[in-house]
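Spelled out, the chains give:
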Amino acid sequence: MPAERLRLRDLERCFLGVVPAAIATCSPDGVPNMTFLSIVHLVDEAHLALSFQFFNKTHENLRANPRAQVLVPDWATLQQYRIDARYVRTEREGPIFERMRTNLDAVASQMGLQGVFRLQGADVFEVLGVELLPHDLDLSPPEGPPDMLAGLETLSGRLAACHDLEALLDTTTAGLAELFDYQHTMILFVDEAGERLYTVASRGFAPSGVGGEVAVGEGLIGSAASERRAVRVGHMLFEQTLGEAVRATAREQGEPIEAREIPMPGLPDMRSQIAVPMLARERVLGVLCVQSAQQARFAMSDERILGTLARYLATAIQLSGHEPSDLPLPAATPAAAPGHPLKIRHHASDDSVFLDDAYLIKGLSGRIFARLLGVHRREGRVDFSNRELRLDRSLQLSPYRDNLETRLLLLRRRLDERAAGIHLVSTARGRFRLELERPFELAEAD
Amino acid sequence: MGAFVIDDELAAFLAGGNSMLVATRDATLAPESTRACALRVLAPDRIAVLLPRATSARSIANLEDNGEIAVCVSDPATFRSVQLKGRCAGIDDASEEDVLLSEQQFRGFSDAVVAFGFTPAHTRNLWLFESWRVEVEITAAFTQTPGPGAGARLPARDAG
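Residues numbered from 1 in each chain as written. Chains lettered and ligands numbered in written order. Predicted model: local features only at pLDDT ≥ 70, side-chain atom pairs only at ≥ 80, totals over all residues. Heavy atoms only, no water.

### Some details on the overall build of chain A
Stated formally: A run of DSSP states H or I qualifies as a helix once it reaches four residues; a run of E qualifies as a strand once it reaches two. Both are numbered from the N-terminal end. Classification of residues uses two cut-offs on accessible area relative to the type maximum, computed with a 1.4 Å probe and protein chains only: under 20% is buried, over 50% is exposed, and between them is partly exposed. In what follows, residue pairs with any heavy atoms lying within 4.5 Å of each other are defined as contacts. The accessible surface values rely on the Shrake-Rupley method and a 1.4 Å probe; as for residues, cover is taken only from the protein chains in view. His is not counted, nor are the chain ends, whereas Lys and Arg count as positive and Asp and Glu as negative. By convention, the charge on Lys lies at NZ, on Arg at CZ, on Asp at CG and on Glu at CD.
Helix and strand content of chain A: 10 helices and 20 strands. Buried positions account for 56% of the 446 residues belonging to chain A. Long-range contacts, defined as pairs at least 24 residues apart, comprise 67% of the intrachain contacts of chain A with a sequence gap of at least 6. For chain A, the accessible surface area stands at approximately 19000 Å², while carbon and sulfur atoms represent 50% of it. Here chain A contributes 50 positively and 61 negatively charged side chains, and the mean placements of these two sets differ by 4 Å.

Below, the structure written as C-alpha cells:
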C-alpha cells in the first residue's frame, strides 16, 4: 500500500494500548535513542500525542532535535507501521493532556501506584508520514463491530418507553448485550455523600455484584466518576505487568509505594474495560461500566456510543419516578405467614441489616428497610409508596429524587438474591408491597 | 571510564526471547527504527543483531553512513528493558546459525506473549528471517525498565 494513502484513523487498532509502541529519537550530537511508550493517543488526522512519564532521554532529545519515528503494531494482525513525526510541543493542561492523564491516573490508582506512575506531559507530534512495513503473513483482522448507530437508535427508543428506574436499568443492560454484544455490564450510582459508588444493576456476572461498592476517585471505575470522563483499558494484563515493573523500579529507587492494588470488581479474567460517567445537568449520577475477557474490546467508537448512552440514561433517570400523588394505600393486612421466624437485626450506627446473622445491606437502603419493617410491626401494613418515604425526614434522603429509587431498587435486588422469604414487589408506579413468606423478628442494635 | 562490559547475567537476559528494537539515524539526524529478529552476544563488549532485509534498508544505509546504533531489548513477560548504545563494527549476510538463533528467540518471545493473548501465528508477523547481520561494539548501556529509574546508565566495568 503506498505510504501516502495511509491515514492515521485507519491505524486505530495501533492506539489501543495492547502492544507497546516504541519511539526512536536522536540527540543533537548524533546518538540515536530507542524506548518503549505506554500511550500513543490519536489527536486528529495529522497529530499524535505520546505520554511523557519516565522517558527522559527521549524528551531531552526532542527538545533539541524534534525529529522522531514511532513504531506501532496493530494488535489484531501484528502488522507494523512506522510513523515519521515532528515534535511540536508538550502540553501539561488542556483536553489532550486531561484525557491522557485521567486514563493513566485511573490505572495507577487501580495498581496502587498514585504519584509514581504519573503523566508529566503530553508530547504532541505532527505526523509527516505513515508506512506499513512488509510482513510475511496476511492475517485478516477480526470482524468489525455491529452497526452501533442503529443499535443506539433502537436502544434509545426502548428507553424512551420506560417509566421507572428499574425498567431503564434492565432495558439498558439487556440492550447492550443484545444490540452491541456487551455481555458484562454493571451500573453503579453515587451515594448520598458523593463518596462511594454502589452497584444497582448488573448483567453477565456471577455473582451479580449488586451492592458491591468502589470509592469515588479510586481505580478505573471511581476515576470515571470523579474526573467525569471515560476511562478505557485495552489490556488489563499488560497494565498489570507494567504496574509490576514500575513498582519494582520505584522500590529500587527508594520511592515509597503503596503496596495495595485495588480489587477489581467484575470478571476475574477481565482484559478490557470501559467506564463512562452518567452525567445530567452537571451532576454525576453514577458510572456505566462494561467489561470483556477479550483484549482491546473497546475502541474510541465504543467510548462515544457508551458516553452518549450514559448521558441519555442519566437524563431519563432524572425524568423518571414521577409518582401519582394521593391515591390511598390499601390498609388491609394479609394473614401472617406461618413458619420459622426470620431473625432480622438492624444496627442504628451504620444502618447495616443482617438476616439470620448474614449481612444484607447498609446505609440508606438499610434505614429504609428498618422503617418498612417497623411500620409493618406496628400497623400490620404491607403496602407502601415512594412518596411517603420521600416525606419521611427521619430517612435523611438526599435532595435528588432518583436517590430513593436507586436505594429501593438495590434493597429489592439484595432481598431477591438472598431468597430469605422476604421481598419487596412493585405493585404500581411509585408503589410497592412487603411480601413475607415467613414471620420475622426485628432486633435493634447499636 | 572503560568500555561497557556485558556480564553473564546480562548476557543471559539478552539471549532470551525478547522484543528487540533498533534505532539508527541519517546524516540529517532523522531517526529510523526497526525491529531486530535475533541478538547474539559475541564478546563482553560486542553483540550481533539481525535486521530483516525487508524492513531495514534505511537502517543499513544509516549504519554504513555513520555507524551510530541503539538497541533496546525488553522482556515481554516482565518489561525488564535495557538499551545498548554503540557503533556498527560490520555488516554481513546472516549465517545459517544466525537464522537458527532467530527461530529459537522467536519461540521464546512467542511463548512469552501467549499469556497476553497473542497466538504464535500472529506473533510471527513481527519476525522476518531473511536478514542482515550487524555487529555492534557496545559503548554504554542504560536501564529502560518503565519506572522512575528508567534511563539510568548501567555501570561500566573494566574488561577482565
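Having seen the structure, we can now continue with the description.
### As for helix α3 (residues 148-160) of chain A
All names here are of chain A. For clarity, the cut-off: How far a helix is expected to stretch is found by multiplying one less than its residue total by 1.5 Å. Directions drawn from the helix axis to the C-beta atoms are what define this arc. Counted as a polar contact is a pair of N or O atoms within 3.5 Å, where, for protein atoms, one must be capable of donating a hydrogen and the other of accepting one, and residues adjacent in sequence contribute only when both atoms are in side chains.
End to end, α3 covers 18 Å across 13 residues, agreeing with the expected 18 Å (1.5 Å per residue, within 8%). Considered for burial, the residues of α3 that qualify are M148, G151, L152, L155 and L159. Burial along α3 is one-sided: seen end-on, the buried residues are contained in an arc of 100 degrees. Facing away from the buried side of α3 by more than 90 degrees, the exposed set consists of L149, E153 and A160. Looking at the packing, one finds that the buried side of α3 touches α4 (165-180) and α7 (300-319). Put simply, D147 is the residue that caps the front of α3, since its side-chain oxygen is 3.3 Å from the backbone nitrogen of L149.

### So, the side chain of H41 of chain A
Residues and elements named next belong to chain A. Turning to its location among the elements, H41 is positioned in strand β3 (residues 40-44). Residue H41 is classed as buried on the basis of its relative accessible area of 14%. The contacts of H41, once residues within four sequence positions are left out, are H47, L48, A49, I96, R99 and M100.

### Side note on the interface of chain A and chain B
For clarity, the threshold we go by: For any pair of parts, buried area is found by adding up, for both, the accessible area (1.4 Å probe) each one loses once the two are put together. Basic side-chain nitrogens of Lys or Arg form a salt bridge, by our definition, when they fall within 4 Å of a carboxyl oxygen of Asp or Glu. Residues were grouped as follows: Ala, Val, Leu, Ile, Met, Phe, Trp, Tyr, Cys and Pro as nonpolar; Asp, Glu, Lys and Arg as charged; and all remaining residues, including Gly, as polar.
Tallying the contact residues gives 50 residues for chain A and 47 residues for chain B. Here chain A packs against chain B, burying approximately 4100 Å² in sum over the two surfaces, 62% of which is carbon and sulfur. Residues E131 of chain A and R58 of chain B are paired through a salt bridge, measuring 3.0 Å at the closest nitrogen-oxygen approach. Summed over the shared surface of chain A and chain B, the result is 15 residue pairs in polar contact (both at pLDDT 80 or more). Among the secondary structure elements, those contributing two or more residues to the side of chain A that touches chain B are β1 (21-26), β2 (32-37), β5 (67-73), β6 (80-91) and α6 (236-252) of chain A. Per-element tally for the side of chain A that touches chain B: the top contributor is α6 of chain A, with eight residues. Of the residues that constitute the side of chain A that touches chain B, the class distribution is 28 nonpolar, 16 polar and six charged.

### So, the sheet that holds strand β7 (residues 121-132) of chain A
All names here are of chain A. Applicable threshold: Between any two strands, at least two bridges found by DSSP are needed for them to pair. Throughout, an axis means a line fitted to C-alpha atoms (over the contacting stretch in the case of helices), and angles, computed between N-to-C directions, take values from 0 to 180 degrees.
In spatial order, the strands read β2-β1-β5-β6-β7-β4-β3; together these seven strands make up an open sheet with antiparallel pairing. If you trace the sheet from one side to the other, it starts and ends with β2 and β3, each paired once. The sheet shows a mean angle of 35 degrees between the axes of neighbouring strands, taken without regard to direction. The pairing of β1 with β5 spans three bridges and is antiparallel. Bridge pairing in β5 links A24 to Q69.

### A closer look at the pattern of salt bridges
By the definition in use, this model includes 41 salt bridges over all chains. Salt-bridge contacts for R53 of chain B lead to D93 of chain B; the nearest nitrogen and oxygen are separated by 2.5 Å. Of this pair, R53 of chain B sits in the loop between β4 (46-52) and α2 (57-66) while D93 of chain B sits in strand β6 (residues 81-93), and the two are 40 residues apart along the sequence. The class of R53 of chain B is partly exposed, set by a relative accessible area of 29%. Given the relative accessible area of 43%, D93 of chain B is considered partly exposed. Overlapping salt bridges, with partners in common, bring together R371, E379, R381, E388 and D392 of chain A in one network.

### Considerations on the nonpolar core
Note the cut-off: Nonpolar core, defined: a set of buried Ala, Val, Leu, Ile, Met, Phe, Trp, Tyr and Cys residues in which side-chain atoms within 4.5 Å join the residues together.
Of all hydrophobic cores here, the largest spans 83 residues; its most connected members are I47 and V49 of chain B. Core analysis: the second largest hydrophobic core is formed by 64 residues, L155, V276, L372 and L404 of chain A among them.

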